[in-house]
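These are the residues of each chain, in order.
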Amino acid sequence: GIFQSYAVEVDVKDASNATCLYAKWMMKFLIKYETNSSDYRNATLNLLSNVSHNGSVCGNDTQAALLAVQFGEGHSWSVNFTKTNETYQGDFITFTYNTNDTAVFPDAKRKGPITIVVKDTMGPVELNNVFVCHNTDFFEAENVTQIFWNVTVQAFVQNGTIGKKESRCRADTPTSAPTVPPTIANITTASTTTSSPAPTTAPKPVENPVTGNYSLKIGNRTCLLAHVGLQLNVSQDKPLLININPKTTSADGACGNTSATLKLNDGNSTFISF
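Scoring rules and cut-offs
- Residues numbered from 1 in each chain as written.
- Predicted model: local features only at pLDDT ≥ 70, side-chain atom pairs only at ≥ 80, totals over all residues.
- Heavy atoms only, no water.
- UniProt positions renumbered as here; feature names shortened; annotations may be inferred.
- Salt bridge = Lys/Arg side-chain N within 4 Å of Asp/Glu carboxyl O.
- Buried < 20%, exposed > 50% of the residue type's maximum accessible area, 1.4 Å probe, protein only.
- Phe/Tyr/Trp six-rings, centres within 6.5 Å; stacked < 30°, edge-to-face > 60°.
- Helix = DSSP H or I, 4+ residues; strand = E, 2+ residues; numbered from the N terminus.
- Pairing = 2+ DSSP bridges.
- Disulfide = S-S within 2.5 Å.
- Core = buried A, V, L, I, M, F, W, Y, C linked by side-chain atoms within 4.5 Å.

The name an unreviewed UniProt entry gives the chain is Lysosome-associated membrane glycoprotein 2, with Chordeiles acutipennis as the organism. Turning to the chain, the UniProt annotation filed under Sequence similarities (unreviewed entry) states: "Belongs to the LAMP family."

Below you can see the structure in the form of structure tokens.
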């Protein structure tokens, strides 16, 4: 895994003990806080095994569903879901961290719980479908970056049975249009899959990969520029060299105030994220 964190699984029951809200996901938080000496430190808040979900609500046609978890020394996180006749979607995410937790926030100047609220970017999902997002997603606000991955969630579960159809996030669909979510620094992943074995007569990639130019923009302003040739050396049953072809590779990602993420997709099941 990319991050050290526990998976959270919440199964909310209604009055008849049938599942009405189900979620399983992983998340962590990067928090910048001020110390008593007026400098700033970066803290990492991970979920441990002692997670509760008090206050979670099933929801109905007139009331939003609420997925709420509590963990650590006074930290909590929640997201509410609203629905129409045909869809449901995330509404707002509320995160509270407690700087009295000296193990995470040593020498914090501001003491006590601090709450931030961000708009959930989850789009509408058909009722009885499960929303799935394996790739990382980020929310950045007020010196806090919330990071999520391996997400499975279904709100307003019908008849107590989790749906069999999946609605995947755009990050899991490489052919989708680029998006510009907030990002964090120091996340580098690379994965390579091949849909079928390469023919034994296929030519080997050239030794030196072609150099490409990859860029990200905010409006008309370029916020990230990479001039690089890339070659992957993958050890599977036998070594496999893969050159990244700039002519067939698209760049996606995002720029934040203090960090940026560059995602490359060569259109042939090879994805690299810097």
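Undergrad: Is there a simple way to think about the pattern of salt bridges in this case?
TA: Pairing between side chains of opposite charge can happen when the charged atoms of each approach one another. As enumerated under the stated definition, the model contains six salt bridges in all. The closest approach of N and O atoms between E166 and R168, which form a salt bridge, is 3.3 Å. On the basis of relative accessibility, which here comes to 48%, the residue E166 falls in the partly exposed class.

Undergrad: Looking at this structure, I do not really get the packing of aromatic side chains. What am I missing?
TA: Aromatic ring pairs are defined here through the distance separating the ring centres and the angle between the ring planes. Throughout the structure, instances matching the rule amount to eight aromatic pairs. With a centroid separation of 3.9 Å and 5° between ring planes, the pair formed by F29 and F95 is classed as stacked. Here F29 is found in strand β2 (residues 19–34), whereas its partner F95 is found in strand β7 (residues 87–98), with 66 residues between them in sequence. Among the residues examined, F29 registers a relative accessible area of 0% and is labelled buried.

Undergrad: Explain the pairing of strand β8 (residues 113–119) to me, please; I cannot follow it from the model alone.
TA: Each regular strand carries side chains that alternate between the two faces of the sheet. Alternating positions in β8 separate cleanly, I114, I116 and V118 being buried on one face and P113, T115, V117 and K119 remaining unburied on the opposite face. Note that β7 and β8 share seven bridges and pair antiparallel. By the bridge assignment, N98 is partnered in β8 with P113.

Undergrad: I keep staring at the state of the cysteines and nothing clicks. Help me out?
TA: By definition, a disulfide is the covalent link that joins the sulfur atoms of two cysteine residues. Tallied over the entire structure, the rule returns three disulfides. The disulfide that involves C133 links it to C169, with 2.1 Å between the sulfurs. Measuring handedness by torsion sign, the sulfur bridge of C133 and C169 sits at about 70° and is right-handed. Here C133 is found in strand β10 (residues 129–133), whereas its partner C169 is found in the loop between β13 (165–168) and β14 (189–192), with 36 residues between them in sequence. Since its relative accessible area comes to 7%, C133 is described here as buried. Given the relative accessible area of 9%, C169 is considered buried. When the bonded cysteines of the chain are numbered from the N-terminus onward, they pair as 1-2, 3-4, 5-6.

Undergrad: Got a minute to help me understand the nonpolar core in this structure?
TA: Within soluble globular proteins, side chains that are nonpolar tend to cluster in buried spots. The biggest cluster of nonpolar side chains holds 46 residues, and the ones touching the most others in it are W25, W77, F81 and F95. The next biggest cluster of nonpolar side chains, apart from the first, holds 13 residues, and it includes L216, L224, I242 and L264.

Undergrad: So what exactly am I meant to see when it comes to unusual backbone geometry here?
TA: Glycine aside, a negative phi is what most residues show, and trans is what most peptide bonds show. Phi angles above zero are rare outside glycine, and D107 is one such case at about 60°. Relative to the helices and strands, D107 resides in the loop between β7 and β8. Residue class for D107 comes out partly exposed when judged on its relative accessible area of 33%. If you check the backbone angles, E142 has positive phi at about 55° while not being a glycine. With respect to the helices and strands, E142 occurs in the loop between β11 (137–141) and β12 (144–154).

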